[in-house]
Amino acid sequence: MSVSVFDPRITDASAKTDVTAPAINALVETNPEIASAATKKVFITTQGCQMNVYDSDKMLDVLGDSHGMVVTQDIDEADVLLMNTCSIREKAQEKVFSELGRWRKLKEKRPDLVIGVGGCVASQEGDNIQKRAPYVDMIFGPQTLHRLPELYDQSSEQRNIAPKNRIGTIDISFPSIEKFDFLPEPKVEGYKAFVSIMEGCSKYCSFCVVPYTRGEELSRPLDDVLAEIDSLAAQGIREINLLGQNVNGYRGEKDDGSICRFAELLHYVSHIDGVERIRYTTSHPLEFTDDIIDAYAQLPELVSHLHLPVQSGSNNILAAMKRNHTIDVYINQINKLKAIRPDIYLSSDFIIGFPGETDQDFQDTLNLAKELNFDHSYSFIYSKRPGTPAAELPDNVSFTTKKERLAEFQQVIIDSTLAKTHEMVGTTTRVLVEQVADRHPDCLIGTADNTRTVMFPYDMEQIDQLLGKIVNVRVTDFVSPHMVKGELEAVLA
Ligand code: SAH
Ligand code: F3S
């Protein structure tokens, strides 16, 4: 079970990813002949983390680039159905087979429909998917999504064969970091973009499948990362979100063969013309080193918001989770950061009901959340993942107790989020102005450092000087837990 007040990273299996639509549709606009009746349409669903949202973007990019395919939000008019899956918790994984059952019915009516399953469930369950859902044409992992055009061509050949004799094509290998070399130039819309700086994770927390589904940490070379950001900035992107399971484990090779660490990368990115805001998702306390903390003193582009997952407030549980740090280490890091940025907003991930979690362990977690006064947090009941060390641990806490603990914990987080939004009233906040508000055309909306949506009235003649700019807004009203309203104070950059 997973619930959060608002969780921009976790998307629902039924939600269509339209983030990528602009990229492919831009291609069609520049090549109108592509958008003919023969143009194939792709429908995609995305589960899981921001990394998957990024990967879905890239899947659509490669199919757009290689086959001129365009994205559609209407499953009934699609020629290709893609499911980008997540296996972080059991529930996400279960959704894969139930959704595939629905897609099977569509394929029975339209045998030429091509179905592809990518992401972490594909990586972990490749053969099993082939057995349980033989109507799936393409199975690919997070590291092989760039081979989607080839898989598609191979699956097309299969379509000359009687349906019952067809076999799905499968590629769930971990071909190091080659994926990035095969991705087309990023095309963007709006002012914010994600840039993947590394793949995989080598931390092997005892509960987590990521090291097994995405492989070990592998960093993209520094120049590749900077070239992608340069290209994005040239297309008007002002906010870059550096993406990885563990960005502070970044070890990117430089031109001269030396290694660039994460703090140094932040400096390089901040020097790119046009980049006004830098975020990163996600980091691990173990490598949240002083040079990264110091970057907050040196780089105004770094937002005053940090997502640093701690998972539990109990040292016993942290040890059982193999997080390799104590609560004191975490609190020290936060205190150092607060000395530099007293206005920093903090968020975290928590796992409630880890095997062996006592009442005292849970109280410690509640106390930590209260003490550090997180702005918001994502909290999940522990989900046993086959193949992970924690799956072998005795678990004597009942599911009812876990649910009660989660509800109690989430109330603390909800109250804290609400209080922080109310506290914004009367203060000035830095906002990246993004668009005219859908339901209030007299207002512009943008995002504050702390991820709140901020709405403010504007003068129509000023619109070009405001869109895509960083401005100061004086907050006057609370609108909702994640939204405030205010007055424009100054244009900053
Ligand atoms: N570094 C990544 C971690 C990816 S997993 C990040 O923070 O984005 C995202 C979160 O899912 C973890 O921080 C953890 O809180 C949660 N999670 C991972 N495995 C889990 C499991 N087996 N049960 C419940 N929650 C889990
Ligand atoms: Fe998972 Fe721990 Fe890595 S939560 S992604 S193994 S840091």
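Residues numbered from 1 in each chain as written. Chains lettered and ligands numbered in written order. Predicted model: local features only at pLDDT ≥ 70, side-chain atom pairs only at ≥ 80, totals over all residues. Heavy atoms only, no water.

Now for the site of ligand 2. The local shell around ligand 2 consists of Cys201, Lys203, Tyr204, Cys205, Phe207, Cys208, Val210, Pro211, Gln245, Asn246, His284 and Arg323. Among the residues making up the shell around ligand 2, the classes are represented as 7 nonpolar, 3 polar and 2 charged. (Near = heavy atom within 4 Å. Nonpolar A, V, L, I, M, F, W, Y, C, P; charged D, E, K, R; others polar.)

The share of residues in the protein with pLDDT of 70 or more is 88%, and the mean pLDDT across the chain is 88. Segment residues 1-35 is flagged for pLDDT under 50; beyond a separation of four residues in sequence, or across chains, it makes 83 contacts in the model. (pLDDT = per-residue confidence, 0-100. Contact = heavy atoms within 4.5 Å.)

Right, let's talk about the sheet that holds strand S20 (residues 453-457) for a bit. Within the closed barrel, the 5 strands sit side by side as S18-S19-S20-S22-S21. Their pairing is mixed. Looking at each pair of strands side by side, their axes are set apart by 50 degrees on average, direction ignored. Where S20 and strand S22 (residues 483-491) come together, 3 bridges link them in parallel fashion. Bridge assignment links Thr453 to a residue of S22, and that residue is Met483. (Pairing = 2+ DSSP bridges. Helix = DSSP H or I, 4+ residues; strand = E, 2+ residues; numbered from the N terminus. Axes fitted to C-alpha atoms, helices over the stretch in contact; angles between N-to-C directions.)

Taking 1.5 Å of rise per residue, 18 residues should cover 26 Å, and helix H2 (residues 50-67) covers 26 Å from first to last C-alpha, within 8% of that figure. Summarising burial for H2: 14 of the 18 residues are buried, a large majority. Of the residues trailing H2, Gly68 is marked for its positive phi of about 65 degrees. (Expected span 1.5 Å × (residues − 1). Buried < 20%, exposed > 50% of the residue type's maximum accessible area, 1.4 Å probe, protein only.)

Under the criterion given, the structure shown has 0 disulfides. No disulfide involves Cys120; its sulfur sits 6.4 Å from the nearest other cysteine sulfur, which is in Cys86. (Disulfide = S-S within 2.5 Å.)

It is worth spelling out a negative patch on the surface at this point. A surface patch of negative charge is lined by Asp223, Asp224, Glu253, Asp255 and Asp256. Turning to its location among the elements, Asp256 is positioned in the loop between strand S12 (251-253) and strand S13 (259-261). (Patch = residues over 30% accessible without salt bridge, like charges linked within 9 Å, V, L, I, M, F, W, Y side chains within 5 Å. Areas by Shrake-Rupley, 256 points an atom, 1.4 Å probe, with all protein chains shown as cover. Salt bridge = Lys/Arg side-chain N within 4 Å of Asp/Glu carboxyl O. Lys, Arg positive; Asp, Glu negative; His and termini not counted. Charge placed at Lys NZ, Arg CZ, Asp CG, Glu CD.)

Turning our eyes to something else, we now look at the nonpolar core. Judged by nonpolar contacts, the single largest core of 67 residues is most densely connected at Leu242, Phe262, Leu265, Leu266 and Tyr280. With near-sequence residues (within four places) excluded, Tyr280 lies in contact with Asn241, Leu242, Val247, Phe262, Leu266, Phe288, Ile292, Tyr296, Leu302 and Leu306. Among the nonpolar cores identified, the runner-up in size contains 19 residues, and Ala78, Met83, Phe97 and Leu106 belong to it. (Core = buried A, V, L, I, M, F, W, Y, C linked by side-chain atoms within 4.5 Å.)

Ordered in space as S8-S11-S14, the 3 strands form an open sheet in which the pairing is parallel. Looking at strand neighbours, the two that pair on one side only are strand S8 (192-196) and strand S14 (277-281), the edges of this open sheet. Sheet twist, expressed as the mean angle between neighbouring strand axes with direction ignored, is 25 degrees. Here S8 runs beside strand S11 (residues 239-243); their pairing, made up of 5 bridges, is parallel. Note on S11: the bridge partner recorded for Lys192 is Glu239. Its contacts with the sheet place H2 against S8 and S11, and it is angled at close to 95 degrees to S8.

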